[in-house]
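Take a look at the letters that make up each chain.
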Amino acid sequence: MPFLFFSPLGLVVFFGWAAFAFFHYRFCMQQELLSVLAAGTRSGLPLRNSVLAFAADRPNARWNRIWNHVLLSIVLPGLNVYHQWRSFRKKLLTVADALDQGAMLSDALCTRRGVASADTLLAASVGEASGRLAEALERVHELRTRHAQVWVSFVVTLLYPAILVFIGDGITQYQKYRIVPIFKATFFDFDIAMPRIFKLGLMAGDIFNLLAVLTTILIAFAIALRLNSTLCWYTPGVASYYRTLVRARVLEMLALLVEVERPLPEAFEVLAGAPQGSASRGRLEKATRLAGKGKPIVECLGDTGLLPRNSGPLLESAQRNGNLPGAMRELGEHLHRRLHRRQNRLVGAVGPLLIVALGGLFAVVCAGTFLSLVAVLDHVGSVDWIT
């Protein structure tokens, strides 16, 4: 067990678990803060008091701080000092101080990075501009909760096969350099033909090695996608998901601004000014320029790629009937529902196929090892050693 833990595979699994725990914890804290802000705004409570109450609810007992120091020191030396300097509780206190000095919620949340998600910052900006802060925050909280449920199942479905790939690669690499040479020498000494299942096991080991390399590349590419929104917008396969997500978010937030009759250039400017990816920000800035030239809203959204195909006539008809905000909100919800349906179908289809395929490879590797051993024992048992 100590050898397995300190092996490259064990270290990758350990630090991967630590990274997942960190990002999951941050997401949960951001969701709780969003829920507190939405509830406080709906009840008419001062936002500063809501943030302070949430900060006071964070575990801050002495034994808790000691336990955090011990665990973080084990994960990475010096990480406990970084956590003490930039803990989530201290970030909340900084936000509360900014609110106490008269800053708007969107500006206060931007004072400390990571205290709120990009969706929360967008909702705060739109809610302040439209005068419907509570509605915007509640809508984003609902969407992020639904989105998180689907993503957790999606990540877990892909994470388990990825771990199996690395485990299979570790086992087959050990066999290749420690067991296979012994088998080959035994076959040569006893003049035994190499069983076909043994060759298939070697091929399965090579496949595991290739899958481990591909999985590493995919993980690195997924990190690049997470860091670069422009790459998400143009990458085949990912582009459809990301564009649908951006369009749904823009339509729902823009509906709040249009409903309160904010000028169209100003509405696009509010959306473009919120923290977000460079791909969506560039398109919103272009839409702002088009709206400033007097272009209608459907043309502004369509020319910038922020409106799904064949949805233009629907919004034009709703605009003529005086129900444009409602149509935009319904279209955004429809895009979110369609996105979740596609994710659920992908999880249901890909997960079992990956498990069955990897199980087949493990079966071939095990069969190649044990049946080869049986062949050697049979040959040894059939030889007349007396003569």
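First, a word on what this report is: a plain description of the structure on this page. (Residues numbered from 1 in each chain as written. Predicted model: local features only at pLDDT ≥ 70, side-chain atom pairs only at ≥ 80, totals over all residues. Heavy atoms only, no water.)

Quick look at helix α16 (residues 312–320) now. Those residues of α16 not exposed but buried are G312, L315 and A318. The buried residues of α16 occupy an angular sector of 130° when the element is viewed end-on, so they sit on one face. Residues of α16 that are exposed and angled more than 90 degrees away from the buried face: P313 and R320. (Buried < 20%, exposed > 50% of the residue type's maximum accessible area, 1.4 Å probe, protein only. Helix = DSSP H or I, 4+ residues; strand = E, 2+ residues; numbered from the N terminus. Arc of directions from axis to C-beta.)

Mapped onto the secondary structure, L290 falls in helix α14 (residues 278–292). What makes L290 buried here is its relative accessible area of 14%. The spatial distance from the C-alpha of L290 to the C-alpha of L301 is 9.3 Å, given a sequence separation of 11 residues. Ignoring sequence-local partners within four residues, the contact set of L290 consists of K295, C300, D303 and T304. (Contact = heavy atoms within 4.5 Å.)

So, about the nonpolar core. Membership of the largest hydrophobic core comes to 69 residues, with the highest contact counts inside it found for F268, I297 and L301. Ranked by the residues each element gives to this core, the list is headed by helix α12 (residues 238–259), at 11 residues. (Core = buried A, V, L, I, M, F, W, Y, C linked by side-chain atoms within 4.5 Å.)

Here we come to the packing of α12 against helix α13 (residues 264–273). α13 packs onto α12 with a crossing angle of 135° between their chain directions and a minimal axis gap of 10 Å. With respect to their mutual orientation, α12 and α13 come out oblique. For α12 against α13, the interelement crossing comes out right-handed. Contact residues: V250, M253, L254 and L257 in α12; A267, F268, V270 and L271 in α13. For the contact of α12 with α13, a count of residues per class yields eight nonpolar, no polar and no charged. (Axes fitted to C-alpha atoms, helices over the stretch in contact; angles between N-to-C directions. Parallel < 35°, antiparallel > 145°, perpendicular 65-115°, else oblique. Left-handed = near helix turned anticlockwise from the far one by under 90°. Nonpolar A, V, L, I, M, F, W, Y, C, P; charged D, E, K, R; others polar.)

Attention now goes to the packing of aromatic side chains. Counted under the stated rule, the structure contains two aromatic pairs. Taking 4.9 Å as the distance between ring centres and 55° as the angle between the ring planes, the aromatic pair formed by F208 and F362 counts as tilted. A residue pair is termed long-range when its members are at least 10 positions apart, and F208 in helix α10 (residues 196–227) and F362 in helix α17 (residues 324–382) qualify at 154 residues. The exposure class assigned to F362 is partly exposed, which follows from its relative accessible area of 22%. Here W233 and Y242 contribute two aromatic rings whose centre-to-centre distance is 6.2 Å and whose plane-to-plane angle is 85°, an arrangement assigned as edge-to-face. A single burial state applies to W233 and to Y242, both of which are buried. (Phe/Tyr/Trp six-rings, centres within 6.5 Å; stacked < 30°, edge-to-face > 60°.)

Right, let's get into unusual backbone geometry. A positive phi is found at E261, a non-glycine position, where the angle reads about 60°. Looking at where E261 falls in the secondary structure, it is placed in the loop between α12 and α13. On the accessibility criterion, E261 (70% relative accessible area) is exposed. Of note in this structure, N310 is not a glycine but carries a positive phi near 65°. With respect to the helices, strands and loops of the structure, N310 is situated in the loop between α15 (297–303) and α16.

Attention now moves to the side chain of T215. Note on placement: T215 falls in helix α10. Using a relative accessible area of 14% as the deciding quantity, one classes T215 as buried. A distance of 2.7 Å separates a polar side-chain atom of T215 from the backbone oxygen of L211. Not counting residues up to four positions away in its chain, the partners in contact with T215 are A162, V165 and F166. (Polar contact = N/O pair within 3.5 Å; in protein donor to acceptor, adjacent residues only side chain to side chain.)

Across its 13 residues, helix α8 (residues 118–130) extends 18 Å between first and last C-alpha, which sits within 8% of the 18 Å expected from 1.5 Å per residue. All of the buried residues along α8 are D119, T120, L121, L122, A123, A124, S125, V126, G127, A129 and S130. Remark: G131 follows α8 within two positions and exhibits a positive phi of approximately 80°. (Expected span 1.5 Å × (residues − 1).)

The next subject is a nonpolar patch on the surface. A grouping of F20, V155, L159, I163, I167 and I171 is seen on the molecular surface, where their side chains present a nonpolar patch of about 460 Å² in accessible area. Mapped onto the secondary structure, L159 falls in helix α9 (residues 133–189). (Patch = residues over 30% accessible without salt bridge, like charges linked within 9 Å, V, L, I, M, F, W, Y side chains within 5 Å. Areas by Shrake-Rupley, 256 points an atom, 1.4 Å probe, with all protein chains shown as cover. Salt bridge = Lys/Arg side-chain N within 4 Å of Asp/Glu carboxyl O.)

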